[in-house]
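Chain residues, written in single-letter form:
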Amino acid sequence: MTNLFHNILAFSQEKPLLFTHLFFWAFFLLVLLFFSTVYKANKLRTAYLLAVSLFFYFKTSGVFVLLLLFTIISDYNWGRLIHQSASDAKKKVFLTISILLNLSLLCYFKYSYFFHESANQIAGTNTAFFNHYAHFSNTFFNTGFSVDKLLLPVGVSFFTFQSLSYTIDLYRNKIKPVESVFDYGFFVCFFPHLVAGPIVKAHDFVHQIYQPYKLSKFEFGMALFWILNGFAKKIVADYMAVNYIDRIFDTPHLPSGLEVVFGVFGYSLQIYMDFSGYTDIAIGLALILGYRLKTNFDSPYKAQSTSEFWKRWHISLSSWLQEYLYIPLGGNKKGTIGSYIAIIIICGFLVLLSGKLWLLYLLLSIALFFILLALMLPKVKQQVNTNINLMVTMLLGGLWHGSSALFIIWGGLNGLGLIIHKFWKKISPFKGNESIAVKFSLMLITLSFISFTRIFFRSPDMQTVNMLFYRMNNFFGAEKLFEVIWGYKFVFGLMLAGYLIHWIPERFKFRYRSWFAAQNYVIMGLIAVVLIFLSYQLMSGEMQPFIYFQF
């Protein structure tokens, strides 16, 4: 019995709490049982869900719950000072401190190992990395973390951005301050969206804390639909990854060019099903508890341009970057000092990542070239000023995912795609063309571009990227098409089904979602049992962690 309680209450690094684990659903049913006794009292409901959310994060990340608590207490107090200050100068100071604290913690946990290795590479030294947080945890909590490795807290990028939105929104007078630190803690760490989004902005969520609980039968049906939908997506994504896609990226010297191409398009489907599957479940869980989270994906592979794609993909991050980074930097009207500082910082990252001084000279030469062009040709200066913020936003979006040159290249390629599309719109012969053939062609071109940029996103190193492109260029035998398809017929069948379901017009999707939500509880329950049973037939071994847990 003692061991059972220890397993339930203790954190296991090998078995973090996931939505797809049976233990989570037992945990959620228990949460609902006690929730049914407190849901009518707002303050008690908030305090209860805060405690539940902290326990959930502890089961996911262990001692890193202290980092989450620090973020909550820190930004709650900086927000209070911002609201109470009559002077705009003081408000700016408090906001700046909040931003610097949040970004410093984020940079330490995401980039300190990178900075340490870069310093060793440039200086020609071999000093060992020392993880101060791991040492603190081992000393005071008797954990067994290795102090020479950097451990990334699950969801740190998500809850940091959520917390930042609160102090920024307070400074902009977009929201009123929360009534207590418990309310603020609940906003930051509400467990459905805590570790992998959607990123919740303060002005979209804080007011819901003070609203009475309400959930119609139809909304419950929709919540159950989203949970089942997300669960099925995750199961299929894992099956495709384990049985095909991971093999392509893990052993890039073995597959043919055709297999690589199928793998690239397969990964696009996998990452969509994995990530949107998580947010589907999160939206459904939150709705059952009475809170409405915004849609995070809007059939992104229906997009007919890169611009449209980024309005449909990871909407919570795209809109966060637009609202709190792109527009403050000047949007599409002009570049600001902040724009150029951001470019310098990103270039510095690239030089440190490469450890090559020649890259610094190359980047300085490119910068000098554009400066001279801008001085001689005013139109060049105008184009640079109106497009630099797009590139900065996408490069920083790439860097948000991790300290890797591949992420920066991926972000840069997408930024370039957005800029090219801006120019293409002015001369496109297809403007206003409603032909299905034209729309489908533009959709496939956009999907192909997005998919092939993800070679940089998914690959562990540049050698893998080079090998995958080499295999595509030199081993693209069309005669092997049927052999390849037959060899992986079940995986490719799931891929085809996934894309076809994705491309179903939204009005038809709305109909079958609404049909499900309108059924009585018995029918909904039977459908749920059948779907879960069929999904589990695809499971092979342990469920894989959600891809975006690493960010």
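Just so you know, these numbers come straight off a predicted model, no measurement behind them.

Turning to its location among the elements, K302 is positioned in the loop between α12 (257-288) and α13 (306-312). No salt bridge forms around the buried K302; measuring N to O, its nearest opposite-charge neighbour E506 is 4.1 Å away. Polar contacts involving the side chain of K302 include one to the main-chain carbonyl oxygen of I504, which spans 2.7 Å. Every residue in contact with K302, bar those within four places of it in the chain, is listed here: E308, R312, M443, H502, W503, I504, P505, E506 and K509.

It is worth spelling out the confidence of the model for the protein at this point. A residue-level look at the protein finds 89% of positions with pLDDT of 70 or above and a mean pLDDT of 84. Of all helices and strands in the protein, the one with the weakest mean pLDDT is helix α1 (residues 2-9) (54), whereas helix α8 (residues 181-189) scores best (94).

Another aspect to go through is the packing of helix α3 (residues 42-61) against helix α4 (residues 65-84). The packing of two helices is summarised by the inter-axis angle and the distance between the axes. Put simply, α3 and α4 touch, their axes get as near as 9 Å, and they point 140° apart. Of the possible angle classes, the one that applies to α3 and α4 is oblique. Facing α3, whose interface residues are L54, Y57 and F58, α4 presents V65, L68 and L69.

Soluble globular proteins tend to pack their nonpolar side chains together in the buried interior. Ranked by size, the top nonpolar core spans 144 residues in total, and within it F187 and F205 carry the most contacts. Those residues in contact with F205, other than ones at most four positions away along the chain, are F186, F187, F190, V200, Y291 and L293.

All right, on to a nonpolar patch on the surface then. Residues W358, L360, Y361, L362, L364 and I366 make up a contiguous nonpolar surface patch of roughly 620 Å² in combined accessible area. Checked against the element boundaries, Y361 lands in helix α16 (residues 357-376).

Tallying each qualifying case throughout the model produces 61 aromatic pairs. On the numbers, 4.6 Å between centres and 70° between planes, the contact of Y244 with Y488 is edge-to-face. Residue Y244 is found in helix α11 (residues 217-250), and its partner Y488 is found in the loop between α21 (481-487) and α22 (489-502); the two are separated by 244 residues along the sequence. Overall, Y244 belongs to the buried group, its relative accessible area being 1%. The partly exposed category is assigned to Y488, whose relative accessible area is 23%. Taking the ring centre of W400 as reference, the NZ or CZ of K110 above it sits at 5.3 Å.

So, how was this worked out
In this convention, every chain numbers its residues from 1, walking through the sequence in written order. Local features in this predicted model are restricted to residues whose pLDDT is 70 or higher, and side-chain atom pairs enter the listing and the counts only when it is 80 or higher, whereas totals over whole chains, interfaces and linings include all residues. Here the side-chain values reflect all heavy atoms present in the structure, with hydrogen atoms and water set aside. Each helix is a run of H or I in the DSSP string that is no shorter than four residues. Each strand is a run of E no shorter than two, and both are numbered from the N terminus. Type-normalised accessible area, obtained with a 1.4 Å probe on protein chains alone, sets the label of each residue: buried when under 20%, exposed when over 50%, and partly exposed for intermediate values. Positive charges come from Lys and Arg alone, negative charges from Asp and Glu alone, with His and the N- and C-terminal ends not counted. Take a side-chain nitrogen of Lys or Arg and a carboxyl oxygen of Asp or Glu: if they are within 4 Å of each other, that pair is a salt bridge. The definition of a polar contact used here is a pair of N or O atoms within 3.5 Å, where within protein one atom must be able to donate a hydrogen and the other to accept one, and adjacent residues in sequence count solely through side-chain atom pairs. Only heavy atoms matter for contacts: two residues are in contact if any of them lie within 4.5 Å across the pair. A score from 0 to 100, pLDDT tells how confident the predictor is in each residue. Note on geometry: axes are lines fitted to C-alpha atoms, helical ones only across the stretch in contact, with angles between N-to-C directions running from 0 to 180 degrees. For classification purposes, an angle smaller than 35 degrees is called roughly parallel, one larger than 145 roughly antiparallel, one from 65 to 115 roughly perpendicular, and anything else oblique. The nonpolar core is taken to be a set of buried Ala, Val, Leu, Ile, Met, Phe, Trp, Tyr and Cys residues, with the residues joined through side-chain atoms within 4.5 Å. Patch membership requires more than 30% relative accessible area and the absence of a salt bridge. Residues of like charge join within 9 Å; the nonpolar side chains Val, Leu, Ile, Met, Phe, Trp and Tyr join within 5 Å. Computed with the Shrake-Rupley method and a 1.4 Å probe, the accessible areas treat only the protein chains shown as cover for residues. Centres within 6.5 Å make a pair out of two Phe, Tyr or Trp rings, where for Trp the six-membered ring is used; the pair is then stacked when the planes are under 30 degrees apart, edge-to-face when over 60, and tilted otherwise. By definition, being over a ring means that NZ of Lys or CZ of Arg is both within 6 Å of the ring centre and within 35 degrees of the ring normal.

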